[in-house]
Amino acid sequence: MSPRKIIIDTDPGQDDAVAILLALASPEEIDVLGITAVAGNVPLDLTSKNARIVCELAGKPDVPVFAGCDAPLGRALVTAEHVHGRTGLDGPNLPDPTMALQDTHGVDFIIDTLRAHPANTITLCPLGPLTNIATAFERAPDIIEKVQEIVLMGGAYFEVGNMTPTAEFNIYVDPQAADIVFKSGASIVVMPLDVTHKALVTSERNSAFRNLGTPVGTAVAQMTDFFERFDKEKYGSAGAPLHDPCVTAYLIKPDLFSGRCINVEIETQSELTMGMTVADWWRVTDRAPNALFIGDIDADGFFTLLTERLARL
Ligand code: RIB
Ligand code: CA
């Protein structure tokens, strides 16, 4: 089977970095056409720098990286240095990138790529706020029906919010963009906190990264060592939740995951619940299903896959 062509839209972020590394380590299943950075965990100048740092860490400086939108559609940017550190990639001491940022805007790259390829051959993998994706859909509605699938990290239902009592960060930062994407009609797979909070980097799993004895393994161990503080303190978690790598792992081994096709709508009116993913898990409404909402993961299988693939870099 030929590899799936994807665009990774991202706001690195340590977990984004691991998701990118997993994708770049899996050429049999994934062909990364490009990486578009978006403002999210840290501002755009840092997310577009961090994406290149990760590509060079992977030994893949030829992957084109594009800067996308620097602010949400209708709200002030909210960042997450309290989770990811000032640089967004705190933990390891990685060198500044030497590879250049592409001149093309990330939104134009998304539009141009979808227009240049046959329908149902490009998968979009948003790992941050959905600003770039929504902007592309608004500017070029013709591309929506060409999208093979959107596999995104965002939202929460049983786990509720990590930014507010009701909202997960990626959706909370740009709820208007999320509303556009979830109403677009594109085929969507959602990796919410409900599943990502089950993908925890325990000390044993962190040791497995470190014991790879490679720059990638050591850097990932250092990233997750740093990144776990927030969740350990807030939730008493056993380790860092690897939110974004669930997206990449789904492309490689979907049977690690299970969920339901349900209706998911985004709160965009009330400040109290702004950015909530209103997931009709129990199908109590007549609202049409618009997403595969993932609720469970084979965590041991996920970490075995991740560690094996990281060992390749
Ligand atoms: O809520 C977790 C999500 O927000 C992850 O994608 C993390 O990288 C941040 O972007
Ligand atoms: Ca992210």
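This section reports on the structure supplied with the text.

Basis of the calculations
Residues numbered from 1 in each chain as written. Chains lettered and ligands numbered in written order. Predicted model: local features only at pLDDT ≥ 70, side-chain atom pairs only at ≥ 80, totals over all residues. Heavy atoms only, no water. Axes fitted to C-alpha atoms, helices over the stretch in contact; angles between N-to-C directions. Helix = DSSP H or I, 4+ residues; strand = E, 2+ residues; numbered from the N terminus. Parallel < 35°, antiparallel > 145°, perpendicular 65-115°, else oblique. Contact = heavy atoms within 4.5 Å. Nonpolar A, V, L, I, M, F, W, Y, C, P; charged D, E, K, R; others polar. Donors = N, O, S within 2.8 Å, 3.2 Å for Na, K, Ca; no water. Buried < 20%, exposed > 50% of the residue type's maximum accessible area, 1.4 Å probe, protein only. Near = heavy atom within 4 Å. Polar contact = N/O pair within 3.5 Å; in protein donor to acceptor, adjacent residues only side chain to side chain. Areas by Shrake-Rupley, 256 points an atom, 1.4 Å probe, with all protein chains shown as cover. Salt bridge = Lys/Arg side-chain N within 4 Å of Asp/Glu carboxyl O. Phe/Tyr/Trp six-rings, centres within 6.5 Å; stacked < 30°, edge-to-face > 60°. Lys NZ or Arg CZ within 6 Å of the ring centre and 35° of its normal. Pairing = 2+ DSSP bridges.

Turning next to the packing of helix α1 (residues 14-24) against helix α11 (residues 245-252). Where α1 contacts α11, the two axes come as close as 7 Å, and the packing angle between them is 20°. Taken together, the axes of α1 and α11 lie roughly parallel to each other. Touching Asp 15, Val 18, Ala 19, Leu 22 and Ala 23 of α1 are Pro 245, Thr 248, Ala 249 and Ile 252, all from α11. Taken together, the residues that form the contact of α1 with α11 break down as seven nonpolar, one polar and one charged.

Looking at the metal site, the calcium ion (ligand 2) is ligated by Asp 11 (OD), Asp 16 (OD), Asp 16 (OD), Leu 127 (O) and Asp 244 (OD), spaced 2.2 to 2.6 Å from it. The class for Asp 11 is buried, based on a relative accessible area of 0%.

With that settled, consider the site of ligand 1. The full set close to ligand 1 counts 13 residues, and Asp 15, Asn 162, Glu 168, Asn 170 and Asp 244 are the nearest of them. Between ligand 1 and Asp 16 there is a distance of 2.8 Å, counted from an oxygen atom to a side-chain nitrogen or oxygen. Here an oxygen atom of ligand 1 and a side-chain polar atom of Asn 170 are 2.8 Å apart. For ligand 1, the accessible surface in isolation is 280 Å², of which the surrounding protein chains cover 97%. Looking at the shell around ligand 1, the elements that each hand over two or more residues are α1 and α6 (169-173). Of the residues contributing to the shell around ligand 1, the split by class is three nonpolar, five polar and five charged.

Okay, the pattern of salt bridges next. A side chain with one charge may pair with a side chain of the opposite charge, provided their charged atoms come close. Tallied over the entire structure, the rule returns 14 salt bridges. Its salt-bridge partner being Asp 225, residue Arg 210 comes within 2.5 Å of it at the nearest N-O pair. With Arg 210 in helix α9 (residues 203-210) and Asp 225 in helix α10 (residues 215-235), this residue pair connects regions lying 15 residues apart in the sequence. Taking the relative accessible area as the measure of exposure, Arg 210 reaches 34% and is therefore partly exposed.

Right, let's talk about the packing of aromatic side chains for a bit. What the rule picks out here adds up to eight aromatic pairs. With a centroid separation of 6.1 Å and an interplanar angle of 80°, the aromatic rings of Phe 158 and Trp 282 are classed as edge-to-face. Of this pair, Phe 158 sits in the loop between β5 (147-153) and α6 while Trp 282 sits in the loop between β11 (277-279) and β12 (291-297), and the two are 124 residues apart along the sequence. Residue classification places Phe 158 among the partly exposed positions, given a relative accessible area of 49%. Using a relative accessible area of 53% as the deciding quantity, one classes Trp 282 as exposed. Taking the centre distance of 5.0 Å and the plane angle of 85° together, the rings of Phe 302 and Phe 303 count as edge-to-face. With relative accessibility at 4%, the residue Phe 303 sits in the buried group. Here a set of aromatic residues connected by ring pairs shows up, and it is made of Tyr 157, Phe 158, Trp 281, Trp 282 and Phe 293. The ring of Tyr 172 carries Arg 75 above its face, with NZ or CZ at 5.9 Å from the centroid. One cation-aromatic arrangement involves Arg 229 over Phe 226; the distance from NZ or CZ to the ring centre is 3.9 Å.

Next up on the list: the sheet that holds strand β1 (residues 4-10). Read across the sheet, eight strands follow the order β3-β2-β1-β4-β5-β6-β12-β9 without closing on themselves; strand pairing throughout is mixed. Unpaired on one side and paired on the other, β3 (65-67) and β9 (257-262) mark the two borders of the sheet. Direction aside, neighbouring strands of the sheet carry axes that sit 25° apart on average. Where strand β2 (residues 30-37) and β3 come together, three bridges link them in parallel fashion. Within the sheet, the bridge partner assigned to Ala 37 lies in β3 and is Ala 67. Here α11 sits on the sheet and contacts β1, β2, β4 (122-126), β5, β6 (188-191), β9 and β12; the angle it forms with β5, its principal contact strand, is near 140°.

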